[in-house]
Structures are given as C-alpha cells and as structure tokens.
Amino acid sequence: MNEKKPVFVTKPFLPPFDEFVEGLKDIWDSKILTNMGPIHKKLNENLKEYLKVDGLELIVNGHMALEIGIKALELQGEVITTPFSFASTTHAIVRNGLTPVFCDINPQNYNIDPYLIESLITENTCAIMPVHVYGTPCDIEAIDNIARKYDLKVFSWIDFIVFQ
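On a predicted model such as this, the values are computed, not experimentally measured, just so you know.

**Details of unusual backbone geometry**
Positioned with a positive phi, K52 is a non-glycine residue whose angle comes to about 55°. With respect to the helices, strands and loops of the structure, K52 is situated in the loop between α2 (38-51) and α3 (62-73). Here K52 falls in the exposed class, since its relative accessible area comes to 73%. Within the chain, D151 stands out as a residue other than glycine whose phi angle is a positive 55°. In this structure, D151 sits in the loop between α6 (140-150) and β4 (153-155). Classification of D151 by relative accessible area gives exposed; the value is 70%.

**Some thoughts on helix α1 (residues 17-30)**
Look at α1: 21 Å from first C-alpha to last across 14 residues, which is about the 20 Å you get at 1.5 Å a residue. Two residues or fewer past α1, K31 is found with a positive phi of approximately 60°.

**Considering a nonpolar patch on the surface**
A cluster of nonpolar side chains, contributed by V9, F84, Y110 and Y134, occupies part of the molecular surface with about 420 Å² of accessible area. Mapping V9 onto the fold places it in the segment before α1.

**A look at the nonpolar core**
Judged by nonpolar contacts, the single largest core of 13 residues is most densely connected at I80, I112, I117, I121, I128 and I143. With three residues, the single largest contributor to this core is α6. The contacts of I117, once residues within four sequence positions are left out, are I80, C103, I112, I128, I143 and I146. Judged by nonpolar contacts, the second largest core, of 12 residues, contains L66, L73, A92 and M129.

**Overview of the side chain of E67**
The residue E67 is located in helix α3 in this model. Take E67: its relative accessible area is 7%, and that puts it in the buried class. Ignoring sequence-local partners within four residues, the contact set of E67 consists of A92, R95 and N96.

**Structural notes on the pattern of salt bridges**
Two side chains that carry opposite charge are able to pair once their charged atoms sit near each other. Under the defined criterion, the tally for this structure stands at five salt bridges. A salt bridge links E45 to K48, with the nearest nitrogen and oxygen atoms 3.3 Å apart. Of this pair, E45 and K48 are both found in helix α2, three residues apart, which corresponds to roughly one turn of the helix. Residue classification places E45 among the partly exposed residues on the basis of a relative accessible area of 43%. A salt bridge links K149 to E118, with the nearest nitrogen and oxygen atoms 2.9 Å apart. Taken as a pair, K149 in helix α6 and E118 in the loop between α5 (114-117) and β3 (125-129) lie far apart in primary sequence, 31 residues in all. Relative accessible area serves as the criterion here: at 34%, E118 is assigned to the partly exposed category.

Reading the values: rules and limits
- Residues numbered from 1 in each chain as written.
- Predicted model: local features only at pLDDT ≥ 70, side-chain atom pairs only at ≥ 80, totals over all residues.
- Heavy atoms only, no water.
- Helix = DSSP H or I, 4+ residues; strand = E, 2+ residues; numbered from the N terminus.
- Buried < 20%, exposed > 50% of the residue type's maximum accessible area, 1.4 Å probe, protein only.
- Expected span 1.5 Å × (residues − 1).
- Patch = residues over 30% accessible without salt bridge, like charges linked within 9 Å, V, L, I, M, F, W, Y side chains within 5 Å.
- Areas by Shrake-Rupley, 256 points an atom, 1.4 Å probe, with all protein chains shown as cover.
- Salt bridge = Lys/Arg side-chain N within 4 Å of Asp/Glu carboxyl O.
- Core = buried A, V, L, I, M, F, W, Y, C linked by side-chain atoms within 4.5 Å.
- Contact = heavy atoms within 4.5 Å.

This is how it looks when you write it as structure tokens:
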C-alpha cells in the first residue's frame with residue numbers, strides 16, 4: 001500500500017535542538033517572555049551594530065511593522081501590491097485608508113511581476129509594496145527603478161526596506 005505523505009511548499013529552518021534549548025535558559029532565568037526583556041534588548045543592540053544604524057526598533061509582528069511603516073511614510077492614495085501574499089499585506093493598506101491595486105505575479109517565482117507595474121500607475125499611486133515569496137526576493141532593482149521614475153515609495157513586506 002502506498003502511504004500518502006504531505007508535500008510542503010516551505011519548511012522552517014530550525015537550529016539544532018540542543019542550541020535551541022540552551023537559548024531558552026536565558027528566557028527562563030529572566031522570567032520575561034514578551035517584549036523589552038534582556039534578550040529583546042540584546043537583539044536590538046546587536047542588529048543596530050550589525051546594520052550600522054542608530055535607530056532601530058523590533059516590532060511584534062510583520063503586520064504591525066507594515067502599519068507603522070505606512071503611517072511613517074504618510075502615504076495617501078493607491079498602493080500597488082501583489083494578490084499572492086498573506087492577508088496582512090492588504091489589511092495594512094486598507095486599515096491606513098489606502099487603496100490596494102493588485103499587480104499580477106511572475107508565474108516562475110510567484111513574486112510581483114515588475115514588468116506589469118508601470119501599467120497600473122495612476123496619478124493616485126503613492127507606493128509599491130512587493131512581497132518576497134518563499135524566500136525568493138523580488139526583482140527589487142527593477143521595482144526601485146520604476147519607483148524612482150514615478151517618485152513612488154517602495155516598502156517590502158518581509159524585509160521592510162524603505163527606498164526614498
């Protein structure tokens with residue numbers, strides 16, 4: 001008899017179990033399981049040093065990062081994005097009073113197709129929000145070139161990179 005096995009689109013990368021358990025000791029010792037604990041602060045400082053930046057904040061989840069980013073950029077109007085994304089992509093746009101405009105994807109990598117973006121730009125377009133899918137980055141160079149041509153903001157779901 002053939003046993004059916006699930007086929008996963010993605011699988012998480014996990015550290016060796018012993019390394020993971022070792023890291024939990026610091027959490028148990030501090031008894032702080034949420035934000036602003038010593039591990040949170042250490043990660044924040046290490047990232048600032050690694051990225052060579054003065055200002056950096058860790059956010060509770062990707063959705064809140066999107067909402068905060070949209071507010072920080074003071075966007076108004078339409079945001080070109082992909083329909084092939086987690087619901088938070090569209091929710092963050094709509095919750096900030098913006099209109100999502102969906103651009104089709106490249107069927108080879110499932111990312112937003114940069115060659116279709118320009119045809120969707122109107123006088124109401126304020127930004128492009130690509131989403132990196134399954135660990136494959138979007139063609140951010142092509143997207144950035146379009147954004148520069150039309151003076152649009154670009155911010156990415158996974159990386160939350162902002163190009164001005």
